[in-house]
Amino acid sequence: MMTESAEASEFSVAQAKVRTSYDEVPYASYPYAQSHPCRIAATASLLGLTPRDVETASVLEIGCAAGGNLIPMAAAYPKARFLGIDLSSKQIDQARARAKRLGLANIEFRHQDVTSFEKSDRGYDYIICHGVYSWVSDPVRDAILGLCASTLSPDGIAYVSYNVLPGWRPRQVVRDAMLAHVADIADPAQRLSQARAFIDFLNANAPKSPYGEAIREVASWLGSMGASYVFHEFLEIDNAPCTFKDFMKAANRNGLVFLGECELRSMLPENYGAVAQTIRTLGGNDVVAAEQYIDVFSGRTFRQTLLVPAARLPAISRNVSPDRLASLHFLSSFAAVPTDDPNFPHMFKDAIGTTFKTRIDNVRRAFQLIQASQPGSSSYPQLLDQLKAAGRPLTPADQAEILKSLQTALMIGLLTASTRPIEAGRRSVERPVALEVARSDAVHGTSTVNLRHEPVELDVVARHLLPLLDGTNDAAALAASLNQAVKSETIGFVREGQRVTDDAEIEACIADHLGRVLRQLEGQAVLLPSETGAKA
Ligand SMILES: C[S@@+](CC[C@H](N)C(=O)[O-])C[C@H]1O[C@@H](n2cnc3c(N)ncnc32)[C@H](O)[C@@H]1O
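Residues numbered from 1 in each chain as written. Predicted model: local features only at pLDDT ≥ 70, side-chain atom pairs only at ≥ 80, totals over all residues. Heavy atoms only, no water.

Asks: Where do I start with the sheet that holds strand S8 (residues 329-331) in this structure?
Replies: Sheets are built from strands paired through backbone hydrogen bonds, the pairs being either parallel or antiparallel. Here we have three strands laid out as an open sheet, ordered S12-S8-S13, and antiparallel in their pairing. Both edges of this open sheet fall to strand S12 (378-379) and strand S13 (416-418), since each of them pairs with a single strand only. By the bridge criterion, three bridges tie S8 to S13 in an arrangement that is antiparallel. If you follow Leu-331 over to S13, its bridge partner there is Thr-416. (Pairing = 2+ DSSP bridges. Helix = DSSP H or I, 4+ residues; strand = E, 2+ residues; numbered from the N terminus.)

Asks: Sorry, what's going on with the pairing of strand S5 (residues 152-163) here?
Replies: Taken residue by residue, a regular strand's side chains alternate between the two faces of the sheet. Most of S5 is tucked away, with 10 of its 12 residues classed as buried. Note that strand S4 (residues 124-129) and S5 share five bridges and pair parallel. When the sheet's bridge partners are listed, Cys-129 is paired in S5 with Val-160. Once the chain exits S4 it traverses helix H5 (residues 138-151) before rejoining the sheet at S5, and the crossover so formed is right-handed. Where S5 and strand S7 (residues 302-309) come together, six bridges link them in antiparallel fashion. Counterpart to Tyr-159 in the pairing with S7 is Leu-306. (Buried < 20%, exposed > 50% of the residue type's maximum accessible area, 1.4 Å probe, protein only. Right-handed = clockwise from strand over helix to strand, strands pointing away.)

Asks: Help me out: how do you make sense of the site of the ligand in this one?
Replies: Near the ligand you find 20 residues, and of these Gly-63, Asp-86, Gln-91, Asp-113 and His-130 are the closest. Between the ligand and His-130, the relevant distance is 2.7 Å, taken from a nitrogen atom to a main-chain nitrogen or oxygen of the residue. The fraction of the free accessible surface of the ligand (590 Å²) that becomes covered by protein chains is 98%. Among the elements that make up the shell around the ligand, the one with the highest residue count is helix H1 (residues 4-24) (three residues). In the shell around the ligand, the residues fall into 10 nonpolar, seven polar and three charged. (Near = heavy atom within 4 Å. Polar contact = N/O pair within 3.5 Å; in protein donor to acceptor, adjacent residues only side chain to side chain. Areas by Shrake-Rupley, 256 points an atom, 1.4 Å probe, with all protein chains shown as cover. Nonpolar A, V, L, I, M, F, W, Y, C, P; charged D, E, K, R; others polar.)

Asks: Is there a simple way to think about the packing of aromatic side chains in this case?
Replies: Aromatic rings considered in pairs are described by the distance between their centres and by the relative angle of their planes. One pass over the full model with this rule turns up 11 aromatic pairs. Here Tyr-133 and Tyr-162 contribute two aromatic rings whose centre-to-centre distance is 6.0 Å and whose plane-to-plane angle is 65°, an arrangement assigned as edge-to-face. Of this pair, Tyr-133 sits in the loop between S4 and H5 while Tyr-162 sits in strand S5, and the two are 29 residues apart along the sequence. The exposure class assigned to Tyr-133 is buried, which follows from its relative accessible area of 5%. An aromatic cluster of at least three residues, connected via ring pairs, comprises Trp-168, Trp-221, Tyr-229 and Phe-234. Positioned above the aromatic ring of Tyr-133, the side-chain terminus of Arg-141 is 6.0 Å from the ring centre. We note Arg-303 situated over the ring of Phe-244; from NZ or CZ to the ring centre the distance is 4.0 Å. (Phe/Tyr/Trp six-rings, centres within 6.5 Å; stacked < 30°, edge-to-face > 60°. Lys NZ or Arg CZ within 6 Å of the ring centre and 35° of its normal.)

Asks: I keep staring at a nonpolar patch on the surface and nothing clicks. Help me out?
Replies: Residues Leu-282, Tyr-293, Val-296 and Phe-297 make up a contiguous nonpolar surface patch of about 330 Å² in total accessible area. Here the nonpolar patch takes three residues from helix H12 (residues 287-298), the largest share from any one element. For Val-296, the position within the fold is in helix H12. (Patch = residues over 30% accessible without salt bridge, like charges linked within 9 Å, V, L, I, M, F, W, Y side chains within 5 Å. Salt bridge = Lys/Arg side-chain N within 4 Å of Asp/Glu carboxyl O.)

Asks: I'm lost on the nonpolar core in this one. Help?
Replies: Side chains of a nonpolar character, in soluble globular proteins, are inclined to be buried together. In this structure, Phe-367 and Leu-406 are the most contacted members of the largest nonpolar core, which totals 97 residues. Each of two domains, domain 1 (4-163 + 241-267 + 300-315) and domain 3 (322-418), supplies a minimum of three residues to this core. Setting aside anything within four residues of it in sequence, one finds Leu-406 in contact with Leu-325, Phe-330, Phe-367, Ile-370, Tyr-380, Leu-383 and Leu-415. If you look at the next biggest cluster of nonpolar residues, it comprises 27 residues, including Leu-435, Leu-465, Leu-518 and Leu-527. (Core = buried A, V, L, I, M, F, W, Y, C linked by side-chain atoms within 4.5 Å. Domains from an automatic or database assignment. Contact = heavy atoms within 4.5 Å.)

Asks: Would you mind showing me how to read the environment of Leu-325 here?
Replies: Tracing the backbone shows Leu-325 in the loop between S7 and S8. A relative accessible area of 0% places Leu-325 in the buried class. When the C-alpha atoms of Leu-325 and Ala-227 are compared, they prove to be 40 Å apart, with 98 residues separating the residues in sequence. Residues in contact with Leu-325, not counting those within four places in the same chain, are Leu-46, Val-320, Phe-330, Leu-403, Leu-406, Gln-407 and Leu-410.

Asks: Sorry, what's going on with the domain arrangement of the protein chain here?
Replies: Interface size is commonly expressed as the accessible surface area that is lost when the partners come together. For the protein chain, the domain assignment lists domain 1 (4-163 + 241-267 + 300-315), domain 2 (169-234), domain 3 (322-418) and domain 4 (436-523). The distance between the C-alpha centroids of domain 2 and domain 4 comes to 38 Å.

Asks: Would you mind going over the packing of helix H6 (residues 169-181) against helix H9 (residues 227-234) with me for this structure?
Replies: The geometry of a pair of packed helices is captured by two quantities: the angle between their axes and the separation between those axes. At a closest axis distance of 10 Å, the pairing of H6 and H9 adopts a crossing angle of 90°. Considering their axes alone, H6 and H9 lie roughly perpendicular with respect to each other. Contact residues: H6 offers Arg-171, Val-174, Arg-175, Met-178 and Leu-179, while H9 offers Tyr-229, Val-230, Glu-233 and Phe-234. In the contact of H6 with H9, the residues fall into six nonpolar, no polar and three charged. (Axes fitted to C-alpha atoms, helices over the stretch in contact; angles between N-to-C directions. Parallel < 35°, antiparallel > 145°, perpendicular 65-115°, else oblique.)

Asks: Can you help me understand helix H13 (residues 361-372) in this one?
Replies: It helps to recall that an α-helix has 3.6 residues per turn; residues three or four apart then point in one direction. Counted at 1.5 Å a residue, the expected span for H13 with its 12 residues is 16 Å, and the 16 Å between its end C-alpha atoms agrees. Every buried residue of H13 is listed here: Asn-362, Val-363, Arg-364, Ala-366, Phe-367 and Ile-370. (Expected span 1.5 Å × (residues − 1).)

Asks: How should I be thinking about the pattern of salt bridges in this particular structure?
Replies: If the charged atoms of two oppositely charged side chains come close together, the side chains can form a pair. Within this structure, the stated rule accounts for 28 salt bridges. Glu-270 is paired through a salt bridge with Arg-280; the nearest N and O atoms lie 2.7 Å apart. On the criterion of sequence distance, the pair formed by Glu-270 in the loop between strand S6 (256-261) and helix H11 (276-283) and Arg-280 in helix H11 is long-range, its members being 10 residues apart. Taking relative accessible area as the criterion, Arg-280 reaches 39% and is therefore assigned partly exposed. The salt bridge partner of Arg-495 is Glu-505, with a shortest N-O separation of 3.2 Å. On the criterion of sequence distance, the pair formed by Arg-495 in strand S16 (residues 494-495) and Glu-505 in helix H19 (residues 503-523) is long-range, its members being 10 residues apart.

Asks: Is there a simple way to explain the packing of H13 against helix H15 (residues 396-411) in this structure?
Replies: Packing of H13 against H15 leaves a shortest axis separation of 9 Å and a crossing angle of 55°. Considering the angle they form, H13 stands oblique to H15. For H13 against H15, the interelement crossing comes out right-handed. Along the contact surface, H13 presents Asn-362, Val-363, Ala-366, Phe-367 and Ile-370, while H15 presents Asp-398, Glu-401, Ile-402, Ser-405, Leu-406 and Ala-409. Within the contact of H13 with H15, the residues separate by chemical class into seven nonpolar, two polar and two charged. (Left-handed = near helix turned anticlockwise from the far one by under 90°.)

Asks: Looking at this structure, how should I read the side chain of Arg-175?
Replies: Along the chain, Arg-175 falls in helix H6. In this structure, Arg-175 is buried with no salt-bridge partner, the nearest side chain bearing the opposite charge being Asp-176 at 5.1 Å. Setting aside residues up to four positions removed in sequence, Arg-175 forms contacts with Trp-168, Glu-233, Phe-234, Leu-235, Glu-236, Ile-237, Asp-238 and Asn-239. (Lys, Arg positive; Asp, Glu negative; His and termini not counted.)

Set out below in structure tokens:
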């Protein structure tokens, strides 16, 4: 048997290994829209709670890496307070540097182990722990849930994501094979390249059997994933997926209860087709049991669970009534598409194929208005005002029908709810203005964030233009700056494999790329509503 001090020193050796691993191979640090307090708060209010307004909230992120998730939140909500902690000093240094460059006074980063967090530091309205829980040892997992329980405010909500069984099981087979193959290799880059090469070989030579099928599927998917993800998901010391039931047992032990999944649509049995009734029957009134069956039937690999202090349990009401939607703002990315269904002649569809059909003209118009406001948000009161302004008299029955349709679209995932509006800008203004974080990020790297808290990748032309989108430059000034960049060979255009050198052709390329980048930035919600300059 091990003594307490031997156990403690083994634990600190293991922690040091984790720290070194993230110092050596930092995790690519991105914003996660689904973990944004505005989204968490919207889900909570749909489930009957009254969460704290994000404008003045206090937010803690555990395992924040280089602050890719927390920093844009702090930039968007200057009156709210943000704290990020992480075991890796290198990532914390990167986070501090970016926050400093953006001049943020409402965010702090601490190089700290979650197991040593001061529990008297109470009162967090939102605690985010994304991509950490499954990737740490048992004591750290327990410390995460313990910290959530002891530092959440009474109305606070914790978001914890983790890998789940049984869906993760096939990936475990591939992880085990990769780990065994690189067991004697210490250098991180070598470990990664050898493990990847081995999996490619295994993929090409896996037997024609259910085992081989599972390997091929995981290996093909893995080929498209980034280096830091593969390294930390498949080669990290710890990756312990668990069943949802076991996760909830651990949460309950720590005084936390299940509020819901951050994406409500994943909780609706009807979204799982033919097994919907079976899930309802097997789950009965036990939401945790029903969710566990959803995992079994769907084979999902990942969960993003919202937890609240046990005292909030009586306030939770999972019967989402349409009136709870009235104060929320809805984001979407669907488009109207033609349909030959005579019963439902109006159809809206998003990129992953989720569809909503209606035969009611006012509902069709409401959805067209939502589409017109993309990538910004729409709310129910705004829709009513817009419809009335367009001369559409709305009876109470019409209004109820619109609200019910919004609810349906939300529950199937065609709409996403937020407690705060998102007003996106248009490229047609004379002097476009871009989000300040994006303007600054463009100078330093190839990725940034948009108004919807989603990651945005930037090409060389976008990186050149973004810092200029501060409301002082019109199209001619932007084109002139691009021309200068071409002359100084910072940017070059290539056509049919040849560098473009002819002045007239360069002018044409500049016009094309300027139009393209402004269109992209508009569609990606990177432009702000601009008060400078009339419409062009
Ligand atoms: C897989 S990364 C996820 C990072 C980030 N949350 C994301 O999703 O992009 C896990 C992070 O947890 C941090 N971490 C691991 N153990 C920790 C601990 N005991 N205390 C604080 N942070 C820890 C790591 O340094 C790393 O940055």
